[in-house]
Amino acid sequence: MSALRPGSVTLAELRAVWDGAPVALTDEAWTAIDASAAAVEAIVASGRTVYGINTGFGLLASTRIPPERLAELQRNLILSHSAGLGEPLPARIVRLMMALKAIGLGRGHSGVRRAIVERLLALIEADALPVVPSQGSVGASGDLAPLAHMSAALIGEGEVALGGETLPAAEALARLGLEPLVLGPKEGLALINGTQASTAIALDVLFSAERIFATALVSGAMATDALKGTDVAFDPRIHDARGQPGQIAVAAVLRGLLSESPIRHSHDDCEKVQDPYSFRCQPQVMGAVLDLIRSAARTLEIEANAVSDNPLLFGEDALSGGNFHAEPVAFAADILVLALCEIGSIAERRLAVLIDPKMSGLPPFLIEDSGVNSGFMIAQVAAAALVSENKSLAFPASVDTIPTSAGQEDHVSMATHGALKARRVAHNAAGVIGIELLAAAQGLDFHAPLVSSPPLAETLAAIRATVPFHAADRYLARDMEWAKAAVLDGALAHAVQAELFGD
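Summarised in this report is the structure supplied together with it. It should be emphasised that the depicted structure is a prediction, and the values quoted were computed from it without experimental measurement. (Residues numbered from 1 in each chain as written. Predicted model: local features only at pLDDT ≥ 70, side-chain atom pairs only at ≥ 80, totals over all residues. Heavy atoms only, no water.)

On to the pairing of strand β4 (residues 159-162). Of the two faces of β4, only one is covered, namely that formed by V160 and L162; the face formed by E159 and A161 stays uncovered. With two bridges joining them, strand β2 (residues 129-130) and β4 adopt antiparallel strand pairing. Bridge pairing in β4 links P130 to V160. In the sheet, β4 pairs with strand β5 (residues 165-168) via four bridges, with the strands oriented antiparallel. Bridging across to β5, V160 finds its partner in L167. Hairpin connection of β4 to β5: two residues between the antiparallel strands, including G163 at a positive phi of 60 degrees. (Buried < 20%, exposed > 50% of the residue type's maximum accessible area, 1.4 Å probe, protein only. Helix = DSSP H or I, 4+ residues; strand = E, 2+ residues; numbered from the N terminus. Pairing = 2+ DSSP bridges.)

Structure (structure tokens):
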């Protein structure tokens, strides 16, 4: 991957970083970083009092700090703000968070020396990732606690995951031949002020949602063929008449997935003209979901390129504002929750139809000798449980706020909480789609020797390479875990994902 250009980094590039691609910045970014650092030096030399450079923070912003204590001020800021709790963030999120911080600093409005950004990139390259607790941010003034834990590693504090071990940061730096950094004026504040933690988590949800969505279209098409449903409802004329772009795109994908299916054409002359809404209305529901995902993606791509610390430097003008307030990220996370809830909800209803012999014409609970065998009975219950859990998580985090910092920070976004919640919803939705894949595969096998369309037959073969036909009751949990992992991995729907979201 080529060097990232702060201000115009694309979702495709961010997706590659999320997947482990190397991270580097353009020459223009380094020039901007150097100019910004020089501006801070000039401000300090001038003796001017400027917030964040030679003052305290928050409610202590009016306290002037003498020059000989500026390094102490920045170090203390990192240490005091390393106050997170909870399970550590996954490695790929921490990696993305560090890359986002480098991108933001690379815009040249933050006043840090290039040594700070070089150290972030060196740790990414060495896969030496700070241990960052997942809880403790309210999404303004920036993601202070998680970013402080990230930044603590640069100065030899906290912990770092390296080579399968969790080490004291100073020891990890020593193994890499690096010395702890001594922070200069404003550098601590620039590191911990910003939306990079919540944005990284939300991007993780977005990239997972793309895979879940694409796989849900595949599982929905498989379920439609297993039901011997009709594809008339996917006729382009219907969707062009409404004009919703996501709906039009989803109908086209479903037509392609079901095209040339011998199962579909085996019932061309049947008298059934309509399927239940969970089958017939897939373009309308999933199309609206697609539009939501794309909307969230636009917001997060902008935020990934944003300068969100405070104050910002424009030449030697230091302007204090509020770009650290993560409201856009909070809204994007809440939008993704709505989308993911509906993906799981409509899939669970299709699953319920497939296991019901009165609705599907298939064996009860998709297994022969039912009664002795329970088949997919409790798999559907598990899917229903996940869907209902997601409903309980769907209340928007962005409408919550709580004052902090002695009332100075009196309105906050709750973006990090919202993004973490969205991540849980995403994994639940992946579980539901995984169960539908297994059930739809079972239903298709009952139509043998008839087969489905070429792309769906290929998906069925990929499933059967690991999960055999359910001839009699067996331990199901392993099959379901494999299917959920396959959804999150995106391997069963790469072509659909590339068509809708790009590589």
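Next comes the rest of the description.
Let us look at empty space enclosed by the protein. The final tally for this structure, using the stated rule, is one cavity of 30 Å³ or more. Of the voids in this model, the largest cavity is the one considered here, and its volume is about 50 Å³. Taken together, F376, L438, Q442, R464, V467, P468, F469, H470, R474, L476 and D479 make up the full set of residues lining the largest cavity. Taken together, the residues of the lining of the largest cavity sort by class into six nonpolar, two polar and three charged. (1 Å grid on protein atoms, 1.4 Å probe; cavity = no way out; pocket = protein on both sides within 12 Å on 5 of 7 lines; lining within 4 Å. Points joined across faces, edges and corners; volume = space filled by probe spheres on them. Nonpolar A, V, L, I, M, F, W, Y, C, P; charged D, E, K, R; others polar.)

In this section: helix α11 (residues 245-258). The end-to-end C-alpha distance of α11, which contains 14 residues, comes to 20 Å, matching closely the 20 Å that a straight helix rising 1.5 Å per residue would cover. The secondary structure elements touched by the buried residues of α11 are α9 (196-226), α10 (236-242), α14 (282-304), α19 (454-464) and α21 (494-501). (Expected span 1.5 Å × (residues − 1). Contact = heavy atoms within 4.5 Å.)

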